[in-house]
Structures are given as structure tokens and as C-alpha cells.
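# Structural characterization, general
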Amino acid sequence: MIAEIQRRRTFAIISHPDAGKTTLTEKLLLYGGAVQLAGSVTARKNARATTSDWMELEKQRGISVSSTVLQFDYHGYRVNLLDTPGHKDFSEDTYRVLTAVDAVVMVIDAAKGIEAQTRKLFEVCRRRGVPIFTFMNKCDRPTRDPLNLLDELESVLGIGAFPVNWPLGTGTSFRGVYDRQQKSVHLFERTPQGAYRAPVQVGSLAEPFVRERLDDSDYHRAVEELEMLDIAGVEYDAQKVHHGEQTPVFFGSAMNNFGVQLLLDAFLERSLPPQPRHVGEKVIAPETPAFSGFVFKIQANMDPRHRDRIAFVRICSGKFNRDMTVTHTRTGKRVRLASAHRLFGQERETVDEAYAGDVIGLVGHTEFGIGDTLTTDPSISYQEIPRFPPECFAFLHNPNPGKFKQFRQGVEQLLQEGVVQVFDLRDSIQKIPLLAAVGPLQFEVVQYRLESEYGAPSTLENASWDAFRWLPAGVDVKAVKLPTGCRLAYDAAGLPGVLFPSAWTRKYFGELNGGMELFDLPPEG
Ligand code: GDP
């Protein structure tokens, strides 16, 4: 069991839309030998150009289209690559997936640098201290100054950056990268669309054939930059990398399949196998004999003909065997796990055994909710899924009084599943739920499922707030002064906070209330 766990690497790729996440995913699959799948990832993404298309697609193909854990073997490693939903589907799901991984690869468009969504996703990773590896993509095109890109990682994200390799030239004069530790040069050849593994020639920077291939100015510049990095740059610190305080940086081009293998090899070598998880005071090592894991995502089938749900479980300790009986910690019930699946693209495959680090999909257990623990040791109860600050708010109306019961029942079930959050304004006469989400897709999912599963149509009324902030524990709510447009509201646990329409009102709130501290997650105690 220990050997199986040690060879596992479970990670996700994060990026701002269009930085190259899909392309990099495909290329990684290529190395894992899943060649027939490379290509289908893009096809899937293109097919999901809009949210409504996504719904249609789910209807036609069933659940497996949008939920994915890509698993492959590479050089003795068992790699689990968890798919984070992309742009249009941006939602709480994306964040939750990040609680199930042991590391992330952050893809940055080297012409653009850090963008809004990268920053948000990074923030979620940092809170958990997840190790972050950075891939500066699109080096085949003119990029920003590489030193400047490193500076940005430090100044904007506050993370130390250690370039593992360094670009030689940029744009049309991009010739490859220099591996600072192997002290070798990897030369880039422009292959049409990079359909095959990129050919590389390796040699030292001083070799004549390297010099000949580089423009004079590019050569001197690279030599100077590398010298500077050696003298003044960050030193590699494995400890810091493992705690997410330093990021190893790689330059390359996913589309041209350049630098991808360097990234993959270094990532596997420098990242850690599944690590112990904390449950209160207790530390659960992955090789603990007891099986344990937690649900980090629930995917409901949009197809009425195959209406099932899959609960995705990240295994944190022990070994999963088909048909094993576990305790569902929240209810205390014993549950037999008969139908566990591995989902690979559109393929559903029954899993007979899986180990800490793996993700399995459990079909048909309606009692499972996000964050629930499943284990053979009932004293284990993970608290791995935090709540995430919502950014979209909307009132959900029931236009059909005759369907009141179905509407209420459906909303309750979907809230339990964690599809959206709900806030209570306390003074509304009609008790219309105020839904809150990280991304608007979550509202669409609610509406779609209410109608298809509960026969309850609904209408959505967007609310103009863009943030909810919790008040400090024990504050006198009546004494709080609210700027115009703000509203007091309570979360599902009854904790008070304020709905804000803008960053400006949040600032003004501080001035009105003597600098009162606000929390973007529920305050402790
Ligand atoms: P995602 O939204 O992050 O998944 O980004 P995609 O992988 O779909 O890439 C967005 C666009 O950038 C697509 O048109 C890709 O072909 C292009 N792209 C991805 N990697 C590279 C690269 O290395 N070089 C160039 N020039 N374009 C790239």
C-alpha cells in the first residue's frame, strides 16, 4: 500500500481563461500515453462554448462529459489530474476541486502575466498552503520581459519565484530554454501545431551550435540574465515549495509541446505524494490502514433518462475496495460502496480498488453532501471544504404557487448538496431565498434542476450586491452603520454579515464603523 501511495501525484491546473489550461492538459495526456484523448479535451471545451450548450451537452451525453479526473501512468507515477471547470462554468466547484489536490500547476500567458482569475484561484490555493508550480506559456509569441514576470509573481501574488528554466529569445526569435539545474539547453523547433512530442537537442549554453542558433543580442541577454539570477535570484528551497511559499517557474509553449516534458518531469520529481491531513488535533497519514475520504464535488446528471448523481470522493487514507462498507460520518449510517467509478473523459469505468490520492465517483447515494466524510474509522471526520466568498447574488422566485411544495423541497435539497449558498434578509415578508454563488452558472444549475427534477419552474431576479462579508463574532448588529445600498443578512448558520454593492461601500463601511474588521469567510468562535 505504501508503494502505491508514494507513486501518486494528484494535482489540478489553474489559469485565467485562454492562458492555455486545456492545451496543456492535452499535452500532458500525450505523455501519459493517452494519445487518443488528447484532442478530445479541446473538442469538449469548444462544444461547451456557452452555458446553455453545456446543459444541452449534458443532456445528450450524460454526466461524464463535464466531470473529470484524468488518470494516467508516467515513469512509474500514477498521475491524477483533476479538471477544474473553465471560464463559463466558473463556480464554487472550481474552488472545491482545489481542496482535493496536493499541488497545482498555474498556467500564465507570458504575454499577459497574472490575470484576475489566476489571482482568485491562487488565493484559494494559498489559504491551504498548496504547492504551486508555474508554467509561463506561449513563449513562441512575444512575451513580457521574463524578469518582470518573476517580479510580478512576487509583488502581486507574494510568492517567491524560482525559475527552473529560462527562455532564450522571445517571439519569433524564441529558441528554447536553458535548464538552470541541469545546465543544459533545450532547443525549440517549430513543429506544425505541435502534434507530436517536440524534438529537443540538449547541450550547454557555450556550445557553438547553441550560440549559432541564437541572435547575438538574445544570447548576451540570456547570459546576463542567468548570471543575475544566480547572484541575486531566489534560491531553490524545497521546504518553501512544499508549503506553497515558493513556486518553481517553467517557460515553454503548450501548443507547440515545448517545455511540457520538462515541466512534467520536474513537477513529478519535486512535488510530494499524498500528505497527512488534519482532523482537529488528529493527523491522518495516507498510509493509515483505515479507509477515509471526503466528498468534494457532486455532479447531477442533467439527462432525465439517466437521473443519477455522482459524488466525487478524494481518498485521504487507506485503500478502497469495491463493495466495502463505510461509515457516512455525518449521519452515522453504514453504507456499502457498490458502484464506484473512475471517470475519464466520457468513459465510465468501474473501480475495484483505489488508494489514498485517488478520486473515485460514487453513483446514486442521494444522502451524500459536499464535505461529507466516508470512512471505515468513524472517529475521522474531515473539515476540508470551506465556504467560499460568493460574488453573485439573486432572488429565486416561485412563479407558480401551486408548485410551492416542490419548489421548497427542491431548493432545500440543492442547498444541502451545496449547489449554491443561501442568505436570509430576515425582514422579507415573502421569504424569497437570496441565493449566493461564486459564479452565475450555479444559478442556472439550480433553475435547471428545479424544473427537471422537481417539476418546479423558477424565475431569477439578479441582485446588485457583489460581496457578502461576515461581521466579527459577537458584534452588536443593531449598532452597525450601513452605507447606502448595503443590507444586513444572515448565512445558513445564522451568522450575521453585510451585503455590499461595491468595493467603495466596503471601504466606506470601515470609515462609518471605526474600522470594524469584516471577514470574507465566517469568523471563528
Ligand atoms: P484555456 O482557456 O486556459 O483552457 O486555454 P486554451 O488551452 O484553450 O488556449 C487558448 C488559446 O491559446 C487557444 O487558441 C490555444 O491554441 C492558444 N495557445 C495555447 N497554448 C499556446 C502556446 O503555447 N502558444 C500560442 N501561440 N498559443 C497557445
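The paragraphs below set out a description of the structure included in this document. Predicted, not measured: the structure shown is a model, and the values here were computed from it. (Residues numbered from 1 in each chain as written. Predicted model: local features only at pLDDT ≥ 70, side-chain atom pairs only at ≥ 80, totals over all residues.)

A positive phi is found at Asp18, a non-glycine position, where the angle reads about 80 degrees. Along the chain, Asp18 turns up in the loop between strand E1 (8-15) and helix H2 (21-31). Even without being glycine, His75 reaches a positive phi, approximately 45 degrees. Residue His75 is classed as exposed on the basis of its C-beta count, with 12 C-beta atoms lying within 10 Å. (Helix = DSSP H or I, 4+ residues; strand = E, 2+ residues; numbered from the N terminus. Buried ≥ 20, exposed ≤ 12 C-beta atoms within 10 Å, placed from the backbone.)

The next thing to look at is the packing of H2 against helix H11 (residues 260-270). Contact pair H2 / H11: the axes reach a minimum separation of 10 Å and the direction vectors enclose 70 degrees. When the interaxial angle is binned, H2 and H11 end up roughly perpendicular. Where H2 abuts H11, its residues Leu24, Lys27, Leu28 and Tyr31 lie against Val260, Gln261 and Leu264. Of the residues in the contact of H2 with H11, the class split is five nonpolar, one polar and one charged. (Axes fitted to C-alpha atoms, helices over the stretch in contact; angles between N-to-C directions. Parallel < 35°, antiparallel > 145°, perpendicular 65-115°, else oblique. Contact = placed C-beta atoms within 7 Å. Nonpolar A, V, L, I, M, F, W, Y, C, P; charged D, E, K, R; others polar.)

Most of strand E22 (residues 359-363) is tucked away: four of the five residues are buried. Sheet topology places strand E15 (residues 309-317) next to E22; five bridges connect them, and they run antiparallel. Looking at the pairing, Val313 lines up with Ile360 of E22. (Pairing = 2+ DSSP bridges.)

Our next topic: the nonpolar core. Val101, Val104 and Val313 are the most contacted members of the largest nonpolar core, which totals 129 residues. Once residues lying within four places of it in the same chain are set aside, the contact partners of Val104 are Phe11, Ala12, Ile13, Ile14, Leu98, Cys125, Val130 and Ile132. (Core = buried A, V, L, I, M, F, W, Y, C linked by C-beta atoms within 7 Å.)

The four strands are arranged E7-E8-E9-E10 in an open sheet whose pairing can be described as antiparallel. The open sheet has two edge strands, strand E7 (165-168) and strand E10 (202-203), and neither has a second partner. Relative to E10, strand E9 (residues 184-187) is paired through two bridges, and the arrangement is antiparallel. In the strand pairing of E10, Val185 is matched with Gly203. Against the sheet, helix H9 (residues 216-232) contacts E7 and strand E8 (176-179), and its axis sits at roughly 160 degrees relative to E7.

By the element assignment, Arg128 lies in helix H6 (residues 116-128). C-beta crowding within 10 Å serves as the criterion here: with 13 such atoms nearby, Arg128 is assigned to the partly exposed category. Linking Arg128 and Leu98, residues 30 residues apart in sequence, is a C-alpha distance of 8.9 Å.

Moving on, we get to the sheet that holds strand E30 (residues 496-500). One open sheet accounts for three strands, arranged E28-E30-E29; its pairing is antiparallel. Unpaired on one side and paired on the other, strand E28 (467-470) and strand E29 (487-490) mark the two borders of the sheet. Strand-to-strand twist of the sheet, defined as the mean angle between neighbouring strand axes without regard to direction, takes the value 35 degrees. Strand direction decides the pairing type here: E28 and E30, joined by four bridges, are antiparallel. Following the sheet pairing, Trp470 is matched in E30 by Gly497.

Tracing the chain through its elements places Phe250 in strand E11 (residues 246-251). In contact with Phe250, not counting residues within four places along its chain, are Thr134, Phe135, Met136, Val164, Asn165, Gly259, Leu262, Leu263 and Ala266.

Now for helix H12 (residues 404-417). When the terminal C-alpha atoms of H12 are compared, their 20 Å separation across 14 residues agrees well with the 20 Å that a helix rising 1.5 Å per residue should span. All of the buried residues along H12 are Phe407, Gly410, Val411, Leu414 and Glu417. What you see down the axis of H12 is that its buried residues fit within an arc of 125 degrees, all on one side. Of the exposed residues in H12, those oriented more than 90 degrees away from the buried face are Phe404, Lys405 and Glu412. Among the structural elements, strand E14 (292-300), strand E24 (392-397) and helix H13 (441-454) are those in contact with the buried residues of H12. (Expected span 1.5 Å × (residues − 1). Arc of directions from axis to C-beta.)

Any functional reading would require information that these geometric values do not contain.
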